[in-house]
Amino acid sequence: MSEKSHARSYLSTVLGCRCPRCREGKLFQYPLSLNIKRNMLMNKECPVCGQPTEIEVGFYYGTAYVSYLLTVLISGLSFLAWWLIIGLSVDDNRFFWWLGFNAVLLISMQPWLMRFSRSLWISWFVRYDPDWKKNKLGTFERIVPEQMNNW
Ligand SMILES: [Zn+2]
């Protein structure tokens, strides 16, 4: 076992909503919460390495597409699981039961899904830097502090 074996993988970083640069700091201020506003409160910068979490104004607009794609993906998987486990037939209402089940599933996953979309999104723009302690952050000229979280 090497010393660096404790470093987080990409997957567990994204799933755990950690900073993509150091894979240590948390992106969100609070644990997963049903209070949507509180749930989505992010640290302005990574508490561990200082990576800003909002790289530019409106950075998270694109997450709408990510969460849409995830929703489609989850629906597809739940349909497949329902088909394999419960089965589908044109002679009864099982398809409509699946529709209801899927809606409840998606709604209950929403708080996590919204966070996960952001975590995934930022992980595509910020690269993991194993030497983040040595390498200083670049300048982020496009950041307008007054505009943060103001969209
Ligand atoms: Zn960090």
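Scroll up to find the structure.
Structural notes, computed from the coordinates. Here the structure is a predicted model, which means the values were calculated and not measured. (Residues numbered from 1 in each chain as written. Predicted model: local features only at pLDDT ≥ 70, side-chain atom pairs only at ≥ 80, totals over all residues. Heavy atoms only, no water.)

**A word on the overall build of the protein chain**
Move 1: When helices and strands are counted, the protein chain shows four helices and zero strands.
Move 2: Starting at the N terminus and ending at the C terminus, the protein chain contains elements arranged as α-α-α-α.
Move 3: Counting across all 151 residues of the protein chain, residues that qualify as buried make up 37%.
Move 4: Taking all contacts inside the protein chain whose residues are at least 6 apart in sequence as the whole, residues at least 24 apart take part in 64%.
Move 5: On the protein chain, roughly 10,200 Å² of surface is accessible, and the fraction owed to carbon and sulfur atoms is 62%. (Helix = DSSP H or I, 4+ residues; strand = E, 2+ residues; numbered from the N terminus. Buried < 20%, exposed > 50% of the residue type's maximum accessible area, 1.4 Å probe, protein only. Contact = heavy atoms within 4.5 Å. Areas by Shrake-Rupley, 256 points an atom, 1.4 Å probe, with all protein chains shown as cover.)

**Description of unusual backbone geometry**
Excluding glycine, most residues fall at negative phi; most peptide bonds, likewise, are trans.
Move 1: If you check the backbone angles, Cys17 has positive phi at about 55 degrees while not being a glycine.
Move 2: Its location among the elements puts Cys17 in the loop between helix H1 (10-15) and helix H2 (36-39).
Move 3: The exposure class of Cys17 is buried, given its relative accessible area of 6%.
Move 4: Its identity as a non-glycine residue notwithstanding, Arg23 has a phi of 60 degrees, on the positive side.

**Re the packing of aromatic side chains**
Move 1: Counted under the stated rule, the structure contains 11 aromatic pairs.
Move 2: Plain terms: the ring middles of Phe59 and Trp121 are 6.3 Å apart, the flat faces sit at 55 degrees to each other, and that makes the pair tilted. Note that Phe59 is positioned in the loop between H2 and helix H3 (63-85) and Trp121 in helix H4 (residues 94-123), a separation of 62 residues in sequence.
Move 3: Looking at Trp121, the relative accessible area reads 17%, which means it is buried.
Move 4: Residues Phe95 and Trp98 carry aromatic rings whose centres are separated by 5.8 Å and whose planes lie at 40 degrees to one another, so their mutual orientation is tilted. Of this pair, Phe95 and Trp98 are both found in helix H4, three residues apart, which corresponds to roughly one turn of the helix.
Move 5: Residue Phe95 is classed as partly exposed on the basis of its relative accessible area, which comes to 34%. (Phe/Tyr/Trp six-rings, centres within 6.5 Å; stacked < 30°, edge-to-face > 60°.)

**Observations regarding the coordination of the zinc ion**
Metal coordination angles have textbook ideals: 109.5 degrees for a tetrahedral set of four donors and 90 or 180 degrees for an octahedral set of six.
Move 1: Around the zinc ion, the protein contributes the donor atoms Cys19 (SG), Cys22 (SG), Cys46 (SG) and Cys49 (SG), which lie 2.2 to 2.3 Å from the metal centre.
Move 2: Of note is the zinc ion, whose four donor atoms meet at the metal with angles of 107 to 112 degrees in an arrangement that counts as tetrahedral.
Move 3: On the primary sequence, the residues serving as donors to the zinc ion are separated as C-x2-C-x23-C-x2-C. Exposure class is identical for Cys46 and Cys49. Each is buried. (Donors = N, O, S within 2.8 Å, 3.2 Å for Na, K, Ca; no water. Tetrahedral: all angles 85-135°; square planar, octahedral: opposite > 155°, others 65-115°.)

**Observations regarding the side chain of Thr53**
Move 1: In this fold, Thr53 is placed in the loop between H2 and H3.
Move 2: Within the local environment of Thr53, its side chain forms a polar contact with the backbone oxygen of Asn43, the two atoms lying 2.6 Å apart.
Move 3: With residues near it in sequence (within four places) discarded, Thr53 still touches Leu27, Met42, Asn43, Lys44, Glu45, Cys46, Phe59, Tyr60 and Ile122. (Polar contact = N/O pair within 3.5 Å; in protein donor to acceptor, adjacent residues only side chain to side chain.)

**Thoughts on the environment of Glu24**
Move 1: Relative to the helices and strands, Glu24 resides in the loop between H1 and H2.
Move 2: Residue class for Glu24 comes out partly exposed when judged on its relative accessible area of 35%.
Move 3: Placed 25 residues apart in sequence, Glu24 and Cys49 show a C-alpha to C-alpha distance of 8.2 Å.
Move 4: Once you skip the residues sitting within four places of it in the chain, Glu24 turns out to touch Arg8, Arg18, Cys19 and Val48.

**What about the packing of H3 against H4?**
Move 1: Packing of H3 against H4 leaves a shortest axis separation of 8 Å and a crossing angle of 145 degrees. Considering the relative orientation of H3 and H4, their crossing is right-handed.
Move 2: Its residues assigned to classes, the contact of H3 with H4 comprises 16 nonpolar, seven polar and two charged. (Axes fitted to C-alpha atoms, helices over the stretch in contact; angles between N-to-C directions. Left-handed = near helix turned anticlockwise from the far one by under 90°. Nonpolar A, V, L, I, M, F, W, Y, C, P; charged D, E, K, R; others polar.)

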